[in-house]
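Residue-level structure breakdown
Residue-level listing of the chains:
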Amino acid sequence: MSLRYRDKVVIVTGGSTGIGRGIVEVFDSGGEELEASLNQTGPGSCKFLVLDVTKDDDLKTLVAVTVKQFGHIDCLINNAGWHPPLKSIDETTAEEFQSLLNLNLISCFLASKYALPHLRRRQGNIINVASLVASIGQKDSVTYVATKGAIVSMTKAMAVDESRYQVRVNCISPSNVMTPMMEECLEQHEDVANVKETTEKYQLIGRMGTPAECGLVALFLAADATFTTGVDLLVAGGAELNYGVKSQIPSEKPINTNHI
């Protein structure tokens with residue numbers, strides 16, 4: 001466990017890869033490989049569970065096993081989620097949307113519901129992982145954007161309700177982060193190097209973020225931001241700033257992107 005969050009118990013869903021792995025490496029808890037490594041190196045200890053966050057009973061088990069082994073819960077990080085391939089609304093079925101809602105949104109609701117009785121006793125906190133696109137939208141991603149926008153709204157509503165128990169609820173919204181999921185997306189293109197360079201330039205900082213940087217922001221919210229609740233903290237490298245070429249209307253004229 002990070003020395004900044006010593007003797008605390010943290011649940012991280014989806015903690016074996018991507019942003020979740022970055023979070024667990026910072027907090028010092030994680031998946032099977034991480035479990036053995038981190039239990040050996042310390043400080044603190046960790047427990048890895050295989051579960052399906054879309055299943056109600058699995059989330060109940062997650063909370064029960066955590067409390068049984070560690071005695072309490074100080075922080076819940078709802079990270080598990082998925083970005084489906086880009087697809088227009090015309091090509092998307094209601095069943096696909098419902099499935100994504102269960103994975104990205106309902107799982108956060110249920111994990112929070114079952115963890116909150118324990119978090120209230122410890123005046124703990126919840127951190128939800130949303131996305132920058134919840135604020136700015138994304139082409140051919142209606143269902144994904146909807147789930148992440150709902151997470152931001154749910155975070156704010158839950159922060160209001162749980163303030164009476166001194167439980168803080170916040171979320172982080174990353175932009176483009178170099179994860180295995182991002183690598184899979186890039187590999188779908190013929191010119192991977194060019195698409196990767198373009199994606200890096202979406203951020204003012206000129207690169208993609210790392211899972212570890214997302215983990216450090218989560219650690220800040222859990223350990224240091226004790227006067228912060230209901231906040232959607234952008235971890236976006238400035239991707240939300242400045243003008244850009246945004247029109248979706250086809251045009252045969254060349255576009256000057258250097259000045260608007």
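Overview of the structure. (Residues numbered from 1 in each chain as written. Predicted model: local features only at pLDDT ≥ 70, side-chain atom pairs only at ≥ 80, totals over all residues. Heavy atoms only, no water.)

1. Observations concerning the overall build of the protein
Operational definition: Helix numbering and strand numbering both begin at the N terminus, where a helix is a DSSP run of H or I of at least 4 residues and a strand a DSSP run of E of at least 2. A 1.4 Å probe rolled over the protein chains alone gives each residue an accessible area, and that area as a share of the maximum for its type sets the label: buried under 20%, exposed over 50%, partly exposed in between. The contact criterion used is simple: two residues touch if any of their non-hydrogen atoms lie within 4.5 Å.
If you tally the helices and strands in the protein, you get nine helices and five strands. The helix and strand sequence of the protein, counted from the amino end, reads β-α-α-α-β-α-β-α-α-β-α-α-α-β. Per-residue burial over the protein gives 43% buried out of 260 residues. Within the protein, counting contacts between residues at least 6 apart in sequence, those at least 24 apart form 69% of the total.

2. Considering the pattern of salt bridges
It is possible for side chains of opposite charge to pair when their charged atoms get near one another. The cut-off we apply is this: Any Lys or Arg side-chain nitrogen found within 4 Å of a carboxyl oxygen on Asp or Glu counts as a salt bridge.
The final tally for this structure, using the stated rule, is seven salt bridges. Notably, a salt bridge pairs E96 with K87, separated by 3.0 Å at the nearest N-O pair. Taking the relative accessible area as the measure of exposure, E96 reaches 36% and is therefore partly exposed. Among the ionic pairs, K196 bridges to E200, the shortest N-O distance being 2.6 Å. Of this pair, K196 and E200 both sit in helix α8 (residues 192–201), four residues apart, which is roughly one turn of the helix. Here K196 falls in the partly exposed class, since its relative accessible area comes to 33%.

3. What about the side chain of T147?
By secondary structure assignment, the location of T147 is in helix α6 (residues 142–162). T147 has contacts with F97, L100, L101, N104 and L105, leaving out every residue within four places of it along the chain.

4. Remarks on the sheet that holds strand β2 (residues 75–78)
The condition is simple: For two strands to count as paired, DSSP must find a minimum of two bridges between them. To get an axis, fit a line to the C-alpha atoms, keeping to the stretch in contact for a helix; angles then go from 0 to 180 degrees between the N-to-C directions.
Strand order in the open sheet made by the five strands is β1-β2-β3-β4-β5, with parallel pairing throughout. The open sheet has two edge strands with one neighbour each: β1 (10–12) and β5 (232–235). Adjacent strand axes in the sheet meet at a mean angle of 15° when their direction is disregarded. Two elements, β2 and strand β3 (residues 125–129), share four bridges in a ladder whose sense is parallel. Bridged to I77 within β3 is I127. On top of the sheet, helix α1 (residues 18–27) reaches β1, β2, β3 and β4 (168–174); it is set at about 160° to β1, its chief contact.

5. Let's talk about the side chain of S141
Within the element layout of this structure, S141 appears in the loop between α5 (133–136) and α6. Residue S141 is classed as buried on the basis of its relative accessible area, which comes to 3%. Each residue touching S141, except ones within four places of it in the same chain, is listed here: H83, L86 and K87.

6. With respect to the environment of A239
Assignment of secondary structure puts A239 in the segment after β5. Spatially, the C-alpha atoms of A239 and Q203 are 4.2 Å apart, while their sequence positions differ by 36 residues. Excluding anything up to four places from it in sequence, A239 contacts L132, S175, Y202, Q203 and L204.

7. With respect to the pairing of β2
Our working rule: With strands facing away from the observer, any crossover in which the path from the first strand over the helix to the second runs clockwise is taken as right-handed.
Across the two faces of β2 the burial is the same, with C75 and I77 and L76 and N78 all buried. As paired elements, β1 and β2 share three bridges and run parallel to each other. The residue of β2 that forms the bridge with V12 is I77. Traced from β2 through helix α4 (residues 94–122) to β3, the parallel crossover comes out right-handed.

8. Description of the pairing of β4
Burial runs high along β4: seven of the seven residues are buried. Side chains R168, N170, I172 and P174 of β4 all project onto a buried face; the interleaved residues V169, C171 and S173 project onto the opposite face, where all are buried too. Here β3 pairs with β4 via five bridges, running parallel. Residue pairing across strands places I127 opposite N170, the latter belonging to β4. The sheet contact formed by β4 and β5 spans four bridges and is parallel. The partner of S173 across the bridge, within β5, is L234.

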